[in-house]
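Residue-level structure breakdown
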Amino acid sequence: MNLEQYILSIPKAELHLHIEGSFEPELMFEIAKRNQIAIKYKSVEEVKAAYKFGNLQDFLDIYYAGAGVLQNEQDFYDLTWAYLQRAHSENVVHTEIFFDPQTHTDRGIAFATVINGIDRALSDAKQKLGISSKIILCFLRHLSEEAAFETLAQSLPFKDKIIAVGLDSSEVGFPPEKFERVFAKAREEGFLTVAHAGEEGPASYIWQALDLLKVSRIDHGNTCLTDKKLIKRLVEEQIPLTVCPLSNLSLRVVSDLKLHPLKQMLAKDLMVTINSDDPAYFGGYILQNYLQIAQALNLTFDEISLLAQNSIKASFLSPKEKAELL
Ligand code: ADE
Ligand code: ZN
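Reading the values: rules and limits
Residues numbered from 1 in each chain as written. Chains lettered and ligands numbered in written order. Predicted model: local features only at pLDDT ≥ 70, side-chain atom pairs only at ≥ 80, totals over all residues. Heavy atoms only, no water. Core = buried A, V, L, I, M, F, W, Y, C linked by side-chain atoms within 4.5 Å. Buried < 20%, exposed > 50% of the residue type's maximum accessible area, 1.4 Å probe, protein only. Helix = DSSP H or I, 4+ residues; strand = E, 2+ residues; numbered from the N terminus. Contact = heavy atoms within 4.5 Å. Donors = N, O, S within 2.8 Å, 3.2 Å for Na, K, Ca; no water. Tetrahedral: all angles 85-135°; square planar, octahedral: opposite > 155°, others 65-115°. Expected span 1.5 Å × (residues − 1). Salt bridge = Lys/Arg side-chain N within 4 Å of Asp/Glu carboxyl O. Near = heavy atom within 4 Å. Polar contact = N/O pair within 3.5 Å; in protein donor to acceptor, adjacent residues only side chain to side chain. Areas by Shrake-Rupley, 256 points an atom, 1.4 Å probe, with all protein chains shown as cover. Nonpolar A, V, L, I, M, F, W, Y, C, P; charged D, E, K, R; others polar. Pairing = 2+ DSSP bridges. Axes fitted to C-alpha atoms, helices over the stretch in contact; angles between N-to-C directions. Right-handed = clockwise from strand over helix to strand, strands pointing away.

1. A short note on the nonpolar core
Ranked by internal contacts, the top residues of the largest apolar core, which has 96 residues, are Leu262 and Tyr281. If you tally residues by element for this core, the top one is helix 15 (residues 286-297), at eight residues. Apart from residues no more than four positions distant in its own chain, Tyr281 is found in contact with Glu20, Gly21, Phe23, Met28, Tyr51, Phe53, Phe59, Ile62, Tyr63, Gly66 and Ser250.

Have a look at this one:
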């Protein structure tokens, strides 16, 4: 069995996937047309040519613009369903999807329109494809605490559909401590918590996510390697890091996959997982993320198997469900 066949053959969970980041240009054009919205690019090729990013902010500007064509519940359904079919074809058996409600509610789209479209596709995927899933609501950290509180309030009628809250968007200058009170309220309401930290931001943001936001997982976490005490804490508590290799390459968090810290993370016994982040923008879904990082770092089949097992263990499934998948 070759490397690609091996990666495909093992069941995997995806724990770091922004549904708006799975919006392929072909579908973007189709939905823009039916909603009669103009896109600033003339063709799919022109859109793809624009996907060259110098950093996280370059990407976010294009990503938020792309999400602007989503208007109706069916649009959110189609977006989610396209991702699920792709994930299924790559043997993803469980997925925990982020969505950014503020990107849509700020344009006048109802919270219900967004979540009902996503949720209906996830229910269909459970039935038709056998993929299980959870939904994670992310607050945009460049917006205010007040706006996050408002979004949390809008989410409460849909509490049964949402497992956790997270934190994403521009990192540097928007530390986790800004959202300590919102996350406390979210935990009171029964949500689990996660946060993007240590993608471009310093290790201190990872400490804040752990100590102030009480997160169960860190999304990215690359810069933990600059802080020995933090590594010790993450290892002792086996806090999962949802690492995204092709995202790190596209956003220049690393200059070459051969220099990616994943192997160091494994050597230190950190609880790492592989994920695709925004696959339509970064050149690959979960298979390509596993494959390209395995090739760049000469990972063994055992290391790849460990990464996939970690993804199941780090999920928000029940102990019984995890045991079945493992
Ligand atoms: N939103 C979508 N992808 C993101 C990423 N990689 N970092 C922060 N916010 C994001
Ligand atoms: Zn992300």
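Having put the structure on the table, let's press on.
2. Side note on the coordination of the zinc ion (ligand 2)
For a metal bound by four donors in tetrahedral geometry, the ideal donor-metal-donor angle is 109.5 degrees, whereas six donors in octahedral geometry ideally sit at 90 or 180 degrees. Donor atoms from the polypeptide that bind the zinc ion (ligand 2) are His16 (NE2), His18 (NE2), His196 (NE2) and Asp277 (OD), placed at 2.0 to 2.2 Å. Considering all four donor atoms around the zinc ion (ligand 2), angles at the metal cover 82 to 175° and the coordination shape is irregular. Taken in sequence order, the residues that donate to the zinc ion (ligand 2) follow the motif H-x1-H-x177-H-x80-D. With His18 in strand 1 (residues 12-18) and His196 in strand 5 (residues 192-197), the pair connects residues that are 178 residues apart, well separated along the chain. Here His18 matches His196 in class, with each residue buried.

3. A closer look at helix 7 (residues 111-128)
Across its 18 residues, helix 7 extends 26 Å between first and last C-alpha, which sits within 8% of the 26 Å expected from 1.5 Å per residue. Those residues of helix 7 lying buried are Phe111, Val114, Ile115, Gly117, Ile118, Asp119, Ala121, Leu122, Asp124 and Ala125. Considering only its buried residues, helix 7 is in contact with helix 5 (73-89), strand 2 (92-99), helix 6 (101-105), strand 3 (132-140) and helix 8 (145-155). Phi turns positive one or two residues past the end of helix 7, at Gly130, with a value near 75°.

4. Side note on the pattern of salt bridges
Evaluated as defined, the whole model comprises 15 salt bridges. The closest approach of N and O atoms between Arg34 and Asp78, which form a salt bridge, is 2.8 Å. Taken as a pair, Arg34 in helix 2 (residues 25-34) and Asp78 in helix 5 lie far apart in primary sequence, 44 residues in all. The class for Arg34 is partly exposed, based on a relative accessible area of 39%. Among the ionic pairs, Arg181 bridges to Glu145, the shortest N-O distance being 2.8 Å. Residue Arg181 is located in helix 9 (residues 180-188), and its partner Glu145 is located in helix 8; the two are separated by 36 residues in the primary sequence. The class of Arg181 is exposed, set by a relative accessible area of 58%. By sharing partners, the salt bridges in this structure join Arg34, Asp75 and Asp78 into a single network.

5. Some words on the site of ligand 1
If you check the shell around ligand 1, you find His18, Leu56, Phe59, Leu60, Tyr63, Asp168, Ser169, His196, Glu199, His220, Asp277 and Asp278 and nothing else. Contact between ligand 1 and His18: a nitrogen atom at 3.3 Å from a side-chain N or O atom of the residue. Ser169 is positioned with one of its backbone polar atoms (N or O) 2.8 Å from a nitrogen atom of ligand 1. Surface burial for ligand 1 is 100%, taken as the share of its 260 Å² of free accessible area covered by protein chains. Ranked by the residues each element gives to the shell around ligand 1, the list is headed by helix 4 (residues 56-67), at four residues. Among the residues forming the shell around ligand 1, the class breakdown is four nonpolar, four polar and four charged.

6. A few points about the sheet that holds strand 4 (residues 164-168)
With parallel pairing, eight strands are arranged side by side in an open sheet as 1-2-3-4-5-6-7-8. Lying at the two open borders of the sheet, with one neighbouring strand each, are strand 1 and strand 8 (271-274). On average, each strand axis in the sheet is tilted by 25° relative to the strand beside it, whichever way the strands run. In terms of strand pairing, strand 6 (residues 217-220) meets strand 7 (residues 240-243) through two bridges, oriented parallel. Considered in strand 7, the bridge of Asp219 is made with Thr242. Here helix 7 sits on the sheet in contact with strand 2 and strand 3, set at roughly 155° to strand 3.

7. Looking at the pairing of strand 4
Counting buried positions along strand 4 gives five out of five residues, so the element sits mostly inside the fold. Neither face of strand 4 is left uncovered, since the one carrying Ala164, Gly166 and Asp168 and the one carrying Val165 and Leu167 both have all their residues buried. Sheet topology note: the strand 3/strand 4 ladder contains five bridges and is parallel. Within strand 4, the residue paired with Leu140 across the bridge is Asp168. Handedness of the crossover joining strand 3 and strand 4 through helix 8 is recorded here as right-handed. In the sheet, strand 4 pairs with strand 5 via two bridges, with the strands oriented parallel. Paired with Val165 across the bridge in strand 5 is Thr193.

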